[in-house]
Amino acid sequence: MKPTVAISGVLTVLLCASLHAAEAPAYVAQELPAPRLSGQGVYTWFGLKIYAAELWVGPQGYANDAAPLVLELRYARSLDGRKIAEASVEQMAHIQAGSEAQRAAWLAQMKAIFPDVQDGTRLGGALLPGQGVRFYRDGKPLATVSDPAFARAFFGIWLDPATSAPKLRTALLRDAAARP
């Protein structure tokens, strides 16, 4: 009986270690030095799972818009890209990011960029500090927006203290501190 307990204990330790040492998708590894999973969570709307989110950071951790990061959303249902863009700009207004004119311009950009998604589609955004954001679909480049204000507003949807999803924010930032 003791060997089984020992093996079980070893398996538990290995399982826990593997959860903390998640391997970054290839595009994340290209965008971030030494990427690590900061946190993950699920976004629901009226009880329906919309997407699972993962936040990847480098050694600098999360530092608002001063350090690179990648946020990836894995959709759990089909959604129209235009609706994703409209929901995004509504959330930007919720956190009071940008002016009305800026949000109108950002909405037009997002409508042109964001594709329709299905269950399993992954959309990622890589923060390029001081430059903007690069978007990915299923690990392949989608578009780059060279506008630091847009990048702050976009990532603020999830990471701003005023987000409409504070539990998801907490989950994403779980292990976001800088590491030496």
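For clarity, every value in this text was computed on a predicted model and none was experimentally measured.

**Here we look at the overall build of the chain**
So, step 1. Scanning the chain from terminus to terminus reveals six helices and six strands.
So, step 2. Order of helices (α) and strands (β) in the chain, N terminus to C terminus: α-α-β-β-β-α-α-β-β-β-α-α.
So, step 3. Counting over 180 residues, the chain shows a buried share of 40%.
So, step 4. Long-range contacts, defined as pairs at least 24 residues apart, comprise 57% of the intrachain contacts of the chain with a sequence gap of at least 6.
So, step 5. Carbon and sulfur atoms make up 58% of the accessible area of the chain, which amounts to about 9,800 Å² in all.

**Some details on the environment of leucine 128**
So, step 1. Residue position: leucine 128 is located in strand E4 (residues 122-128).
So, step 2. Accessibility expressed as a relative area gives 11% for leucine 128, which makes it buried.
So, step 3. Along the chain, leucine 128 and glutamate 31 lie 97 residues apart, while their C-alpha atoms are 8.6 Å from each other.
So, step 4. Setting aside anything within four residues of it in sequence, one finds leucine 128 in contact with Glu31, Val133, Arg134 and Thr144.

**As for the confidence of the model for the chain**
So, step 1. Mean pLDDT over the chain: 90, with 88% of residues reaching 70 or higher.
So, step 2. Within the model, pLDDT remains below 50 along residues 1-20, and this stretch shows zero contacts once partners closer than five positions in the same chain are excluded.

**Re the layout of surface pockets**
So, step 1. By volume, the largest pocket amounts to about 640 Å³.
So, step 2. Taken together, 28 residues make up the lining of the largest pocket; nearest its centre are Tyr43, Ile50, Tyr51, Ile84 and Ala87.
So, step 3. Elements supplying a minimum of two residues to the lining of the largest pocket: strand E1 (36-45), strand E2 (48-57), strand E3 (69-75), helix H3 (81-94), E4, strand E5 (132-137) and helix H5 (148-159).
So, step 4. Empty space within the second largest pocket amounts to approximately 220 Å³.
So, step 5. By residue number, the principal contributor to the lining of the second largest pocket is H5, which donates six residues.
So, step 6. Per-class residue counts for the lining of the second largest pocket are 10 nonpolar, two polar and three charged.

**Here's the deal with H3**
So, step 1. Between its first and last C-alpha, H3 extends 20 Å over 14 residues, near the 20 Å set by a 1.5 Å rise per residue.
So, step 2. The complete set of buried residues in H3 reads Gly81, Ile84, Ala85, Ser88, Val89 and Met92. Projection of H3 onto a plane perpendicular to its axis shows the buried side chains occupying an angular sector of 130 degrees, all on one side. Every exposed residue of H3 that faces more than 90 degrees away from the buried side is listed here: Lys83 and Glu90.
So, step 3. Buried residues along H3 sit against E3, helix H4 (100-113) and H5.
So, step 4. For H3, the N-terminal cap is aspartate 80; the gap from its side-chain oxygen to the backbone nitrogen of arginine 82 is 2.9 Å.
So, step 5. Just past H3, the residue glutamine 96 takes up positive phi, approximately 60 degrees.

About the cut-offs
By convention here, each chain's residues receive numbers from 1 onward along its written sequence. Local features in this predicted model are restricted to residues whose pLDDT is 70 or higher, and side-chain atom pairs enter the listing and the counts only when it is 80 or higher, whereas totals over whole chains, interfaces and linings include all residues. The basis for every side-chain value is the complete set of non-hydrogen atoms in the structure, without hydrogens or water. Helical segments are the DSSP runs of H or I of at least four residues, strand segments are the runs of E of at least two, and each set is numbered from the N terminus. Burial here depends on accessible area, computed with a 1.4 Å probe over protein chains only, as a share of the maximum for the residue type. Under 20% is buried, over 50% is exposed, and the range in between is partly exposed. Contacts between residues were defined by any pair of non-hydrogen atoms, one from each residue, lying within 4.5 Å. Under the convention used here, a 1.4 Å probe and the Shrake-Rupley method define accessible areas, while residue burial counts only the protein chains that appear. pLDDT runs from 0 to 100 and stands for how confident the predictor is about each residue. Using only the protein atoms, space was sampled on a 1 Å grid; points where a 1.4 Å probe fits but cannot get out form cavities, open sets with protein on both sides within 12 Å along at least five of seven lines form pockets, and lining residues are those with an atom within 4 Å of a point. Grid points are joined across faces, edges and corners, and a volume is the space filled by probe spheres set on the points. Three classes are used: nonpolar for Ala, Val, Leu, Ile, Met, Phe, Trp, Tyr, Cys and Pro, charged for Asp, Glu, Lys and Arg, and polar for all others, with Gly counted as polar. What a helix is expected to span follows from its residue count: subtract one and scale by 1.5 Å. It is the directions from the helix axis to the C-beta atoms whose arc is reported. Here a polar contact means two N or O atoms within 3.5 Å. Within protein one must be a hydrogen donor candidate and the other an acceptor candidate, and residues neighboring in sequence count only if both atoms are side-chain atoms.

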